[in-house]
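Remarks on the overall topology
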Amino acid sequence: MADVEPARTFEEYVRARSVALQRFAYLVTRHPEDARDAVQEALIGLWPRYDEVAAKGDVDAYVHRSIVNASVSRWRKTRHSTPVEAPQDLPQAAASGFEDELADADAAWRLCATLSPDQRAAVVLRFWSGLAFAEIAEVLGCAEATARSHVHRALTRLRTNLLEESR
């Protein structure tokens, strides 16, 4: 992310980063409408502070943290599972040869759904966004050791669940 020249205005930032922010929010929330709401709320919060946040450093970290915080707050308030489509209800792959990839992606998605929002966000930030633990800690608003712990515990839980599924 640091190789990209920072946007000079809020409008430039939104044009350049909105798709990536939407993807990030979807991976964290696991729900398209919640992802759109989280991005919109994060950008609404950023708008009056854009110049200040941009001057301090990484705007993405600020927005990612806002998205994660909104997701965790929503989860804590509702404490319910988000239903996902059963694999048999999903449309079949148009081209042959993708069945194994779809099965792997579905299994990974089901496993990630078992993680807490903090753990899921840490895993997404680490393995999808490629952030270092210090950057994850900044986004999540915690100590670097806590970020490492979130990822470690998430991976342990994923391994355990995967072993249980394979039995």
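This report concerns the structure included in the present document. (Residues numbered from 1 in each chain as written. Predicted model: local features only at pLDDT ≥ 70, side-chain atom pairs only at ≥ 80, totals over all residues. Heavy atoms only, no water.)

**Details of the nonpolar core**
What counts here: In plain words, nonpolar cores are sets of buried Ala, Val, Leu, Ile, Met, Phe, Trp, Tyr and Cys residues tied together by side-chain atoms within 4.5 Å. Only protein chains enter the calculation, and the probe is 1.4 Å; a residue is then buried if its accessible area is under 20% of its type maximum, exposed if over 50%, and partly exposed in between. Runs of H or I in DSSP of at least four residues are treated as helices and runs of E of at least two as strands, each being numbered from the N terminus. Every residue pair with non-hydrogen atoms within 4.5 Å of one another is taken to be in contact.
One finds Tyr13, Leu46, Val63, Ile67 and Ile136 to be the most contacted residues of the largest nonpolar core, which totals 33 residues. Put simply, the parts of the chain that give this core at least two residues each are α1 (10-29), α2 (32-46), α3 (50-56), α4 (59-78), α6 (117-128), α7 (133-140) and α8 (144-166). Ignoring anything within four residues of it in the chain, the contact list for Val63 reads Tyr13, Leu21, Ala42 and Leu46. Of all hydrophobic cores here, the second largest spans five residues; its members include Leu111, Leu115, Val123 and Leu158.

**Description of the side chain of His64**
When you line up the elements, His64 lands in helix α4. The class for His64 is buried, based on a relative accessible area of 3%. When sequence neighbours within four positions are dropped, the list of residues in contact with His64 reads Leu21, Phe24, Leu125 and Val139.

**Focus on the environment of Ala7**
Note that Ala7 resides in the segment before α1. Separated by 47 residues in the primary sequence, Ala7 and Ala54 have C-alpha atoms spaced 8.4 Å apart. Ignoring anything within four residues of it in the chain, the contact list for Ala7 reads Glu12, Tyr13 and Tyr50.

**Quick notes on the environment of Leu46**
Within the element layout of this structure, Leu46 appears in helix α2. Beyond its immediate chain neighbours, meaning those up to four positions away, Leu46 contacts Phe10, Tyr13, Val53, Val59, Tyr62 and Val63.

**Description of the packing of α6 against α7**
Spelled out, the test is: Axis definition: a line fit to C-alpha positions, over the contact stretch in the case of helices; interaxial angles, taken between N-to-C directions, run 0 to 180 degrees. The labels follow the angle: roughly parallel below 35 degrees, roughly antiparallel above 145, roughly perpendicular from 65 to 115, and oblique for the rest. Handedness of a crossing follows from how the near helix is turned relative to the far one, being left-handed for an anticlockwise turn of less than a right angle and right-handed for a clockwise one. When residue character is reported, Ala, Val, Leu, Ile, Met, Phe, Trp, Tyr, Cys and Pro are called nonpolar, Asp, Glu, Lys and Arg charged, and the others, Gly included, polar.
It is at 10 Å that the axes of α6 and α7 come closest, and there the two elements cross at 135°. Here α6 is positioned oblique relative to α7, judged by the angle of their axes. For the pair α6 and α7, the sense of crossing is right-handed. Two secondary-structure elements touch here, α6 through Asp118, Ala121, Ala122, Leu125 and Arg126 and α7 through Phe133, Ile136, Val139 and Leu140. Here the residues of the contact of α6 with α7 sort into seven nonpolar, no polar and two charged.

**Considerations on α7**
Count 3.6 residues to each turn of an α-helix, and residues three or four apart come out pointing the same way. Quick note on the threshold: Here the arc refers to the set of directions running from the helix axis out to each C-beta atom.
Among the residues of α7, Phe133, Ile136, Ala137, Val139 and Leu140 are the ones counted as buried. One side of α7 holds all its buried residues, which, seen down the axis, span an arc of 165°. Immediately downstream of α7, the backbone of Gly141 shows phi near 70°, a positive value.

**Digging into unusual backbone geometry**
Here the phi dihedral of Arg30 falls at roughly 65°; this positive angle occurs in a residue that is not glycine. With respect to the helices and strands, the residue Arg30 is situated in the loop between α1 and α2.

**Here's the deal with the packing of aromatic side chains**
Which entries qualify depends on this criterion: Each aromatic pair joins two rings of Phe, Tyr and Trp (for Trp, the six-membered one) with centres within 6.5 Å, and gets the label stacked for planes under 30 degrees apart, edge-to-face for over 60, and tilted for any other angle.
Inspection of every chain in the model, using the stated rule, returns two aromatic pairs. Arranged with centres 6.1 Å apart and planes meeting at 75°, the rings of Phe10 and Tyr50 form a pair that is edge-to-face. In this pair, Phe10 sits in helix α1 while Tyr50 sits in helix α3, placing the two residues 40 residues apart along the sequence. The buried category is assigned to Phe10, whose relative accessible area is 15%. Seen from their ring centres, Tyr13 and Tyr50 are 6.1 Å apart, and the 40° between their planes marks the pair as tilted.

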